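# Residue-level structure breakdown
Listed below are the residues making up each chain.
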Number of protein chains: 2
Amino acid sequence: MNCVEKTKKENLIYKGRILDLYNDEVSLADGSESMREYVRHNGGCGVLAVDGDGYVYLVEQFRYPYREMLLEIPAGKLEVGEKPYDCAVRELREETGLVANDLIYLGVFYPSPGYTDEPLHIFIANSFTQGEACLDEHELLNLKKIKLQDALQMVYDNVIRDAKTVIALLRYAALNK
Amino acid sequence: MNCVEKTKKENLIYKGRILDLYNDEVSLADGSESMREYVRHNGGCGVLAVDGDGYVYLVEQFRYPYREMLLEIPAGKLEVGEKPYDCAVRELREETGLVANDLIYLGVFYPSPGYTDEPLHIFIANSFTQGEACLDEHELLNLKKIKLQDALQMVYDNVIRDAKTVIALLRYAALNK
């Protein structure tokens, strides 16, 4: 079955700092017409850093959309033209001070494909040295060093809820079981 | 460290069919002021259905934001006031025809907490009977019955990229290893 939807008219609703919103007119595969509301986002990168003693480096921060403190892997937005690998190295250093020697690419994930086009790239850092964190202005983070097994248990207990962090931890555990 | 951000003024930018967009004025923990752009979404539910022969039931559909066909667990949006469990049962039946006898709750996930407040609830269905699918108007899906191990391999190979599907498959595998 051909399910492809074709753009009839792009409608930019809002041009923002971290996202743009569109409401496009589309023609569906069955010939009918519809509208598609969605966010355009340049993408993000996250890094699961695991040291030789089996500790992972997570950051706790207030996430305004949920009005909650969340525990996540270090991550951030891709700058325009930036390579995911470079973004991952940069965000890890900015948020934790860790300077990665090498990163392993786990893949790209689609957070919520019904209404956002964000590509979210996930990496593992197994080898790094400790430098100085340098947060963006107004970026307030608590760095947490946690045993990998305890972090996994927090996934199983649904205490860690951020999708990229859940995926990174579960993929890492599957690779190293 | 207290990192809580307080709303100074809510600004509704756009009220849509599947999402609303806000750009709020907030005061940060360090006393400075900033803006927070984010999507309000009523939430979603997904169901990983696994039968006694070890097959999972996935749906393939065109996702306009990515302009790609994606393979995902059956899922859909929470209606206002609907319980996640009821939504999960309903969406599974609508998209696959499977009538669940019981669902196991895996938890709630936050797809991309920087800019959306969507809660995404994930369930497992181990016990169901086959009924008739009844898709929403213009909903075009291909049902795919795949061996669990093959679906997991598609996660490891980064062929399956949808976050809820990746999380459901990896959590299920971790529960049943």
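These figures come from a predicted structure and were not determined experimentally.

### A closer look at the overall build of chain A
Summing up its helical and strand segments, chain A has three helices and eleven strands in all. Ordered by position in the sequence, the α and β elements of chain A form the string β-β-β-β-β-β-β-β-α-β-β-β-α-α. The buried share of chain A, reckoned over its 177 residues, is 56%. Contacts in chain A between residues far apart in sequence, at least 24 positions, make up 55% of those at least 6 positions apart. Only carbon and sulfur atoms are counted for the fraction: they give 48% of the accessible area of chain A, which is about 7,700 Å². Averaging the locations of the 20 positively and 29 negatively charged side chains of chain A gives two centres separated by 2 Å.

### Re the packing of aromatic side chains
The description of two aromatic rings rests on the distance between their centres and on the angle between their planes. One pass over the structure, following the stated rule, counts twelve aromatic pairs over all chains. Consider the rings of A:Tyr57 and A:Phe128, whose centres lie 5.6 Å apart with planes at 85 degrees: the pair is edge-to-face. Separated by 71 residues along the polypeptide, A:Tyr57 in strand E6 (residues 55-63) and A:Phe128 in strand E10 (residues 120-130) bring together distant segments of the chain. Side by side, A:Tyr57 and A:Phe128 carry an identical accessibility label, which is buried. On the numbers, 5.5 Å between centres and 85 degrees between planes, the contact of A:Tyr64 with B:Tyr38 is edge-to-face. Of this pair, A:Tyr64 sits in the loop between E6 and strand E7 (68-72) while B:Tyr38 sits in strand E4 (residues 33-40), on two different chains. For the pair A:Tyr64 and B:Tyr38, one class covers both residues: buried. Over the ring of A:Tyr64 we find A:Arg67; its NZ or CZ atom is 3.9 Å from the centre of that ring.

### Quick look at helix H2 (residues 148-156) of chain B
Buried within H2(B) are the following residues: B:Leu148, B:Ala151, B:Leu152 and B:Val155. Along H2(B), the residues classed as buried sweep out an arc of 100 degrees about the axis, all on the same side. Elements that come into contact with the buried residues of H2(B) comprise helix H3 (163-175) of chain A together with strand E6 (55-63), strand E11 (142-147) and helix H3 (163-175) of chain B. A positive backbone phi angle near 65 degrees is found at B:Asn158, which sits one or two residues after H2(B).

### Brief notes about the pattern of salt bridges
The full count for this structure, using the stated rule, is 28 salt bridges over all chains. B:Asp20 is paired through a salt bridge with B:Lys15; the nearest N and O atoms lie 3.3 Å apart. Between B:Arg90 and B:Glu79 there is a salt bridge whose closest N-O contact spans 3.8 Å. Of this pair, B:Arg90 sits in helix H1 (residues 84-96) while B:Glu79 sits in the loop between strand E8 (75-77) and H1, placing them eleven residues apart in sequence. For B:Arg90, a relative accessible area of 17% translates into the label buried. The structure contains a network of salt bridges with shared partners spanning A:Glu79, A:Glu82, A:Arg90, A:Glu91 and A:Glu94.

### Brief notes about the environment of A:Arg90
Considered as a pair, A:Arg90 and A:Ala75 are 15 residues apart in the sequence and their alpha carbons are 9.2 Å apart. A polar contact of 3.0 Å, which involves the side chain of A:Arg90, links it to the side chain of A:Glu91.

### Some details on the nonpolar core
Judged by nonpolar contacts, the single largest core of 47 residues is most densely connected at A:Val56, A:Leu169, B:Val56 and B:Leu169. For this core, the element with the most residues is H3(A), which contributes eight residues. When neighbours within four sequence positions are excluded, A:Val56 is seen to be in contact with A:Leu48, A:Ala49, A:Val50, A:Lys144, A:Lys145, A:Ile146, A:Leu148, A:Ala151 and A:Leu169.

### A word on the sheet that holds E11(B)
Backbone-to-backbone hydrogen bonds pair the strands of a sheet. The strands run either parallel or antiparallel. Residues and elements named next belong to chain B. Read from one edge to the other, the open sheet built from three strands follows the order E7-E6-E11, with strand pairing classed as antiparallel. In the strand order of this sheet, the two ends are held by strand E7 (68-72) and E11, each with one partner. On average, each strand axis in the sheet is inclined to that of its neighbour by 30 degrees, with strand direction left out of account. In the sheet, E6 pairs with E7 via five bridges, with the strands oriented antiparallel. Paired with Arg63 across the two strands is Glu68, which belongs to E7. In the packing of H2 onto the sheet, the strands contacted are E6, E7 and E11, and the crossing angle to E11 comes to about 100 degrees.

### A look at the relation of the copies chain A and chain B
These two copies of the chain differ by a rotation about an axis and a displacement along the same axis. For the pair chain A and chain B, the relating rotation is 180 degrees, the translation along its axis is 0.0 Å, and the fit reaches an RMSD of 0.0 Å. Between the two chains, the operation in question is that of a two-fold axis. Relative to the rotation axis, the C-alpha of A:Pro111 is the closest in chain A, positioned 2.4 Å from it. Comparing contact sets, 100% of the residues at the interface of chain A also lie at the interface in chain B, consistent with an isologous, same-surface contact.

Quick notes on the rules
- Residues numbered from 1 in each chain as written.
- Chains lettered and ligands numbered in written order.
- Predicted model: local features only at pLDDT ≥ 70, side-chain atom pairs only at ≥ 80, totals over all residues.
- Heavy atoms only, no water.
- Helix = DSSP H or I, 4+ residues; strand = E, 2+ residues; numbered from the N terminus.
- Buried < 20%, exposed > 50% of the residue type's maximum accessible area, 1.4 Å probe, protein only.
- Contact = heavy atoms within 4.5 Å.
- Areas by Shrake-Rupley, 256 points an atom, 1.4 Å probe, with all protein chains shown as cover.
- Lys, Arg positive; Asp, Glu negative; His and termini not counted.
- Charge placed at Lys NZ, Arg CZ, Asp CG, Glu CD.
- Phe/Tyr/Trp six-rings, centres within 6.5 Å; stacked < 30°, edge-to-face > 60°.
- Lys NZ or Arg CZ within 6 Å of the ring centre and 35° of its normal.
- Arc of directions from axis to C-beta.
- Salt bridge = Lys/Arg side-chain N within 4 Å of Asp/Glu carboxyl O.
- Polar contact = N/O pair within 3.5 Å; in protein donor to acceptor, adjacent residues only side chain to side chain.
- Core = buried A, V, L, I, M, F, W, Y, C linked by side-chain atoms within 4.5 Å.
- Pairing = 2+ DSSP bridges.
- Axes fitted to C-alpha atoms, helices over the stretch in contact; angles between N-to-C directions.
- Least-squares fit on C-alpha atoms with pLDDT ≥ 70 in both.

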